[in-house]
Amino acid sequence: MAKKILTTPIQKSDLEGIKPGDVIYLTGHITTSRDMGHRRVVEEGKTLPVDVKDGAILHAGPIIRTISDNEFEVVSVGPTTSMRMEKFEYDFVKKTGVRLIVGKGGMGPETARACKDFGALHCVFPAGNAVLAATEVEKVESANWRELGMCETLWTFKVKEFGPLIVSIDAEGNNYFENKKVEYNAKKEEVLEEIYKHVGFIK
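Residues numbered from 1 in each chain as written. Predicted model: local features only at pLDDT ≥ 70, side-chain atom pairs only at ≥ 80, totals over all residues. Heavy atoms only, no water.

Participant: Please explain the pattern of salt bridges as it appears in this structure.
Facilitator: Between side chains of opposite charge, a pair can form when the charged atoms approach closely. The final tally for this structure, using the stated rule, is 12 salt bridges. The shortest N-O distance in the salt bridge between Lys-3 and Glu-161 comes to 2.7 Å. Here Glu-161 lies in strand 9 (residues 154–169) and Lys-3 lies in the segment before strand 1 (4–7), a separation of 158 residues in the sequence. Judged by its relative accessible area of 47%, Lys-3 falls in the partly exposed class. Its relative accessible area of 28% is what places Glu-161 among the partly exposed residues. (Salt bridge = Lys/Arg side-chain N within 4 Å of Asp/Glu carboxyl O. Helix = DSSP H or I, 4+ residues; strand = E, 2+ residues; numbered from the N terminus. Buried < 20%, exposed > 50% of the residue type's maximum accessible area, 1.4 Å probe, protein only.)

Quick look at the structure:
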């Protein structure tokens, strides 16, 4: 199978055929945005100082070495837990037009609804690969809202084949983690029944 690479700007049509569990890569630009960035947009009504329409955001708090006022070296890019942004994500996607959301772990029904309503994906960058992620950053293009501190700054990276990114929610709102949870629970009950029979346990 050919390597699936999305390139910013990403159109809704680019997401067709991409399903939960698929592995994709990103080339172009991605901007870090986590708790404070989401809070400013959704709760405070502020406009992001960088345009992410048809673009990508990364739930991450990278470690950045400052070389000069406008020159930076990326040391590591560790994704942060996406579920922390769940309560903001529907409105964030609606207001910004972002097309690709990347983070750690799954997200819930509000993000799934946003992906379906506005045509977006949520993907997981495998944990424990923060240094690998840094090697896939070609350049730090901008740094906004630096007053929030290193982790909450909106860092815009130029990236090439950033990934692997595992699709957890597709553009139809199908949620890989939630679907697998149901599947695993069903299997667990079947296995428990077999164990109970084997040991003679009666519920």
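Participant: Where do I start with helix 3 (residues 109–118) in this structure?
Facilitator: Within helix 3, the full set of buried residues consists of Thr-111, Ala-112, Ala-114 and Cys-115. With its buried residues spanning 160 degrees around the axis, helix 3 presents them on a single face. Of the exposed residues in helix 3, the ones pointing more than 90 degrees away from its buried face are Pro-109 and Lys-116. For helix 3, the elements touching its buried residues are helix 2 (86–96), strand 6 (100–103), strand 7 (121–124) and strand 9. Looking one or two residues past helix 3, Gly-119 carries a phi angle of roughly 75 degrees, positive in sign. (Arc of directions from axis to C-beta. Contact = heavy atoms within 4.5 Å.)

Participant: Looking at this structure, I do not really get the side chain of Arg-34. What am I missing?
Facilitator: Relative to the helices and strands, Arg-34 is located in the loop between strand 2 (23–32) and helix 1 (35–42). Ignoring anything within four residues of it in the chain, the contact list for Arg-34 reads Ala-60, Gly-61, Thr-80, Arg-84, Met-85, Cys-151 and Glu-152.

Participant: How should I be thinking about the side chain of Asn-175 in this particular structure?
Facilitator: Along the chain, Asn-175 falls in the loop between strand 9 and helix 5 (176–199). For Asn-175, the side chain forms a polar contact with the main-chain oxygen of Met-107, separated by 2.8 Å. (Polar contact = N/O pair within 3.5 Å; in protein donor to acceptor, adjacent residues only side chain to side chain.)

Participant: I tried to follow the nonpolar core on my own but got confused; where do I start?
Facilitator: Soluble, globular proteins show a tendency: their nonpolar side chains are buried together. Core analysis: the largest hydrophobic core is formed by 30 residues, its most contacted members being Leu-26, Leu-100, Leu-121 and Phe-157. Those elements giving two or more residues to this core turn out to be strand 2, strand 3 (56–58), strand 5 (71–76), strand 6, strand 7, helix 4 (130–135), strand 8 (137–144) and strand 9. It is strand 9 that contributes the most residues to this core, 6 residues altogether. Excluding its chain neighbours within four sequence positions, the residues that come into contact with Leu-121 are Leu-6, Leu-15, Ile-18, Ile-24, Arg-99, Leu-100, Ile-101, Cys-115, Val-167, Ile-169, Asp-170 and Ala-171. Among the nonpolar cores identified, the runner-up in size contains 15 residues, and Val-41, Val-50, Val-93 and Leu-154 belong to it. (Core = buried A, V, L, I, M, F, W, Y, C linked by side-chain atoms within 4.5 Å.)

Participant: Help me understand the packing of aromatic side chains in this model?
Facilitator: Centre-to-centre distance and the angle between the planes together describe a pair of aromatic rings. Across all of its chains, the model carries 3 aromatic pairs by this definition. Seen from their ring centres, Phe-72 and Trp-155 are 5.1 Å apart, and the 80 degrees between their planes marks the pair as edge-to-face. Taken together, the positions of Phe-72 in strand 5 and Trp-155 in strand 9 put the pair 83 residues apart, joining distant regions of the chain. Relative to Phe-118, the ring of Tyr-90 has its centre 5.2 Å away and its plane inclined at 50 degrees; by these criteria the two rings are tilted. One end of the pair, Tyr-90, is in helix 2; the other, Phe-118, is in helix 3, with 28 residues separating them in the sequence. On the basis of relative accessible area, Tyr-90 is assigned to the buried category, the value being 12%. Assessed through its relative accessible area of 28%, Phe-118 is described here as partly exposed. Against the face of Tyr-25 rests Lys-3, its NZ or CZ located 4.3 Å from the ring centre. (Phe/Tyr/Trp six-rings, centres within 6.5 Å; stacked < 30°, edge-to-face > 60°. Lys NZ or Arg CZ within 6 Å of the ring centre and 35° of its normal.)

Participant: What's the story with the packing of helix 1 against helix 2 in this structure? I'm lost.
Facilitator: Packed helices, taken two at a time, are described by the angle between their axes plus the distance between the axes. One can describe the packing of helix 1 onto helix 2 by two numbers: an axis separation of 9 Å at closest approach and a directional angle of 65 degrees. Handedness of the helix 1/helix 2 crossing: left-handed. When helix 1 is examined against helix 2, the residues Asp-35, Gly-37, His-38, Arg-39, Val-41 and Val-42 are found in contact with a partner set consisting of Lys-87, Phe-88, Glu-89, Asp-91, Phe-92, Lys-95 and Thr-96. (Axes fitted to C-alpha atoms, helices over the stretch in contact; angles between N-to-C directions. Left-handed = near helix turned anticlockwise from the far one by under 90°.)

All quantities given are derived from atomic positions and should not be read as evidence of function.
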